[in-house]
Amino acid sequence: MPPGQYATRDFPVLSAGPTPRITRDEWLFTLVDAEGVERLWDWSDLMALPAETVTVDIHCVTKWSKLDTTWTGVAVETLLANVTSRGTHALFRSYGGYTTNLPLADITSGKAWIVYEYEGEPLEPAHGGPARLLVPHLYFWKSAKWVDGVGLSDVDRPGFWESYGYHNYGDPWREQRYAGD
């Protein structure tokens, strides 16, 4: 357990605004590479990609941790497979306007997924469904709910919470909750 965290069996719901209600028929994911080239996946495209099921611990900046959670989705590196102009950073976007920034190294090599199932069931809207980003080795605000795309670049741009004083990286093992931690 990371320092300063406590285990919970609940799955608290924390959001910065209203819950977007996006159907699978409406859902689209757009990847824009570092040269501005777009790639687009709809729900059926996402479902056609190889899926992985992972069991991981998740840690919220508000100090709760949920252990041994099981998710199913597509590895981010699968979406990046044919991208030649990756850059060094990613800025994920969500329906509803939320964004979060991550170094590219933190979303490849089996470290991040676009997930659509939680504990064997479709991901509920309150938890980011129909699809969310999952980056379990960082605080959960980095795992953007209702994900609809990512932009790649050589520039690190702060996301929503980072622009309000949250730590730019968010490592729970180093208690990087707020800027300066």
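The model shown is predicted, which means the values in this text are computed figures rather than measured ones.

Here's the deal with the sheet that holds strand 3 (residues 38-42)
Here five strands make up an open sheet; going across it, the order is 3-2-11-6-7 and the pairing mixed. At either end of the open sheet lies a strand with only one pairing partner, and these are strand 3 and strand 7 (99-103). Averaged over all pairs of adjacent strands, the angle between strand axes in this sheet comes to 15°, irrespective of strand direction.

A few points about the pattern of salt bridges
Going through the model one piece at a time under the given rule, you end up with three salt bridges. Ionic pairing is found between R39 and D33, a salt bridge with its closest N-O pair at 3.4 Å. Exposure remark for R39: the relative accessible area of 23% places this residue in the partly exposed category. In this structure, R177 and E175 form a salt bridge, with 3.1 Å as the shortest nitrogen-oxygen distance.

Notes on the nonpolar core
One finds F29, W71, F92, I107, I114, L133 and L134 to be the most contacted residues of the largest nonpolar core, which totals 49 residues. If one sorts the elements of this core by residue count, strand 8 (residues 113-118) sits on top with five residues. Not counting chain neighbours up to four residues away, the residues in contact with F29 comprise R39, L40, W41, L79, F92, I114, V147, D148, G149 and V150.

Focus: the pairing of strand 6 (residues 89-94)
Each regular strand displays side chains that alternate between the two surfaces of the sheet. Judged from the five bridges that link them, strand 6 and strand 7 form a sheet pairing that is antiparallel. Looking at the pairing, R93 lines up with T99 of strand 7. Between strand 6 and strand 7, which pair antiparallel one after the other, the connecting turn spans four residues, and G96 there sits at a positive phi close to 100°.

Focus: the side chain of S94
The topology assignment puts S94 in strand 6. A polar atom in the side chain of S94 sits 2.6 Å from the backbone oxygen of K145.

Procedures and definitions
Residues numbered from 1 in each chain as written. Predicted model: local features only at pLDDT ≥ 70, side-chain atom pairs only at ≥ 80, totals over all residues. Heavy atoms only, no water. Pairing = 2+ DSSP bridges. Helix = DSSP H or I, 4+ residues; strand = E, 2+ residues; numbered from the N terminus. Axes fitted to C-alpha atoms, helices over the stretch in contact; angles between N-to-C directions. Salt bridge = Lys/Arg side-chain N within 4 Å of Asp/Glu carboxyl O. Buried < 20%, exposed > 50% of the residue type's maximum accessible area, 1.4 Å probe, protein only. Core = buried A, V, L, I, M, F, W, Y, C linked by side-chain atoms within 4.5 Å. Contact = heavy atoms within 4.5 Å. Polar contact = N/O pair within 3.5 Å; in protein donor to acceptor, adjacent residues only side chain to side chain.

Any functional reading would require information that these geometric values do not contain.
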